[in-house]
Amino acid sequence: MSWAQAILLARGLSRGWGGICGAALTGAPFSQPPPQSPRGLHCSSAAHNSDSSLVPRPPEPLRKPAKALAPHEELFRQAPDGARDKASFVRAVQNFGQHNVHRRGHVDFIYLALRKMREYGVERDLAVYNLLLDVFPKEVFRARSIFQKIFIHYPRQQECGIAVLEQMENHGLMPNKETEFLLIQIFGRKSYPMLKFVRMQLWFSRFKNINPFPVPRDLPQDPVDLARLGLRHIEPDLSARVTIYQMPSSKDSIGTADPTEPHIVGIQSPDQQAALARHNPARPIFVEGPFSLWLRNKCVYYHILRADLLPPEEREVEEIPEEWNLYYPMQLDLDYGRSGWDDYQFDINEVEEGPIFAMCMAGAHDQATLAKWIQGLQETNPALAQIPVVFRLAASTGELLASSGLEEPSPPPPEEQEEEEDDPQRQQRGQS
């Protein structure tokens, strides 16, 4: 036996004697400690109970760091009264330039300011965008050589400048001379932000007045004026007359309006009045809706008074004299050579609909409110009193009503009013 094996055997005997003594002191039986197996030279001599400190512990799971605030977030929280307006936004931008002379982190600050503009209501202010462009250091990011012009010089800063111009484009703002001077001073003429500026100057001037039905930038806050604007935007006839059948009730001392008196605004043209006067009283007419109409970021709802399409045998074809017919000329001599592959028939999907006699916008979309509109129409259309009216109302979306800022629809009418309807109307409603 070599000296190494003797040392290991002695160490094993000492550990076993220590385990027996420890079990005797604690009162446990001697059979509990596991027997020590003979160890060779190639076996580890570390024990499980006494040398546990030598075994490496598994690493602890990494804790996620607390979510830190965005850089420069505290600049937009320094308002003493917590107001979020243009003055506080301009003050935050000016504080960044005063406390950070070298403009370190200006790209992160500009991106943060672009996200905060809607909260402060300055997303359509051209002077504020020029103020953000003024945050860039001057004469630093300009390309000095042809290689710097080919390979984008300071790409992160140029992308930030393009982001400012794109947000201006999304809100319909035309850059001015001050914007051009700032871009030339910051990036130079041969840069991508300057190219974006030139394209905006070209296309904005061409598309500025291309919409034949423009919507004003600032929409009226009064629901009656907003309804009048929406109806004028739908009705193509300029001779149509807008009538206010009911004004919204005034607010009481508590500050809540009476929900039983919402506003009712209608529109009708002379041609629609004549068509309603010629309508057959035996055929019912229908009140349908509500249908949504978006005016920029506001959604309003309207209803229509219409009738079904007449069958072909009852239609009256109006003969137009040839000298009045501007759509089909009296004589057309076209002698073009056609082959056997030419198609003489065109597939045109035309959907014929019944006539529309009137339209209205109301603060509530229930039957009781629309019945007041029908009563108001009877004053200018006496034939309407002899025609049965059937209501085809659909449930409107509450989310769009909330976004439009109009009054919420009142609850449906009680069942007693529905029982008072006559039998022909009830049968017609069941068929519809």
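Quick note: structure is the one above.
Heads up: these notes are all about the structure in this document.

Calculation rules
Residues numbered from 1 in each chain as written. Predicted model: local features only at pLDDT ≥ 70, side-chain atom pairs only at ≥ 80, totals over all residues. Heavy atoms only, no water. Buried < 20%, exposed > 50% of the residue type's maximum accessible area, 1.4 Å probe, protein only. Helix = DSSP H or I, 4+ residues; strand = E, 2+ residues; numbered from the N terminus. Pairing = 2+ DSSP bridges. 1 Å grid on protein atoms, 1.4 Å probe; cavity = no way out; pocket = protein on both sides within 12 Å on 5 of 7 lines; lining within 4 Å. Points joined across faces, edges and corners; volume = space filled by probe spheres on them. Nonpolar A, V, L, I, M, F, W, Y, C, P; charged D, E, K, R; others polar. Salt bridge = Lys/Arg side-chain N within 4 Å of Asp/Glu carboxyl O.

## Re the pairing of strand E5 (residues 356-362)
Taken across its 7 residues, E5 has 6 buried, putting it largely inside the fold. Bridging between strand E2 (residues 264-268) and E5 involves 4 bridges; their strand directions are antiparallel. Considered in E5, the bridge of Val 265 is made with Met 361. Pairing of strand E4 (residues 298-307) with E5 involves 4 bridges; the strand directions are antiparallel. In the sheet register, Ile 304 faces E5, and the bridge partner there is Met 359.

## Let's talk about the layout of surface pockets
Reported here for the largest pocket is a volume of approximately 550 Å³. Forming the boundary of the largest pocket are 17 residues, of which Ala 275, Arg 278, Leu 310, Glu 316 and Pro 355 lie nearest the centre. In the lining of the largest pocket, the residues fall into 6 nonpolar, 3 polar and 8 charged.

## Remarks on the environment of Ser 249
Structurally, Ser 249 is set in the loop between strand E1 (241-246) and E2. Given the relative accessible area of 16%, Ser 249 is considered buried. Counting along the chain gives 13 residues from Ser 249 to Pro 262, while the straight-line C-alpha distance between them is 6.8 Å.

## Focus on the pattern of salt bridges
Throughout the structure, instances matching the rule amount to 13 salt bridges. Put simply, Lys 86 and Asp 125 hold a salt bridge, and the shortest N to O gap is 2.7 Å. Note that Lys 86 is positioned in helix H2 (residues 86-99) and Asp 125 in the loop between helix H3 (106-120) and helix H4 (126-133), a separation of 39 residues in sequence. For Lys 86, a relative accessible area of 39% translates into the label partly exposed. Lys 116 is the salt-bridge partner of Glu 119, the closest N and O atoms lying 3.9 Å from each other. Of this pair, Glu 119 and Lys 116 both sit in helix H3, 3 residues apart, which is roughly one turn of that helix. When its relative accessible area of 43% is taken as the criterion, Glu 119 is described as partly exposed. Since its relative accessible area comes to 12%, Lys 116 is described here as buried. Put simply, Glu 288, Arg 306, Asp 308 and Arg 392 are held in one network by salt bridges that share partners.

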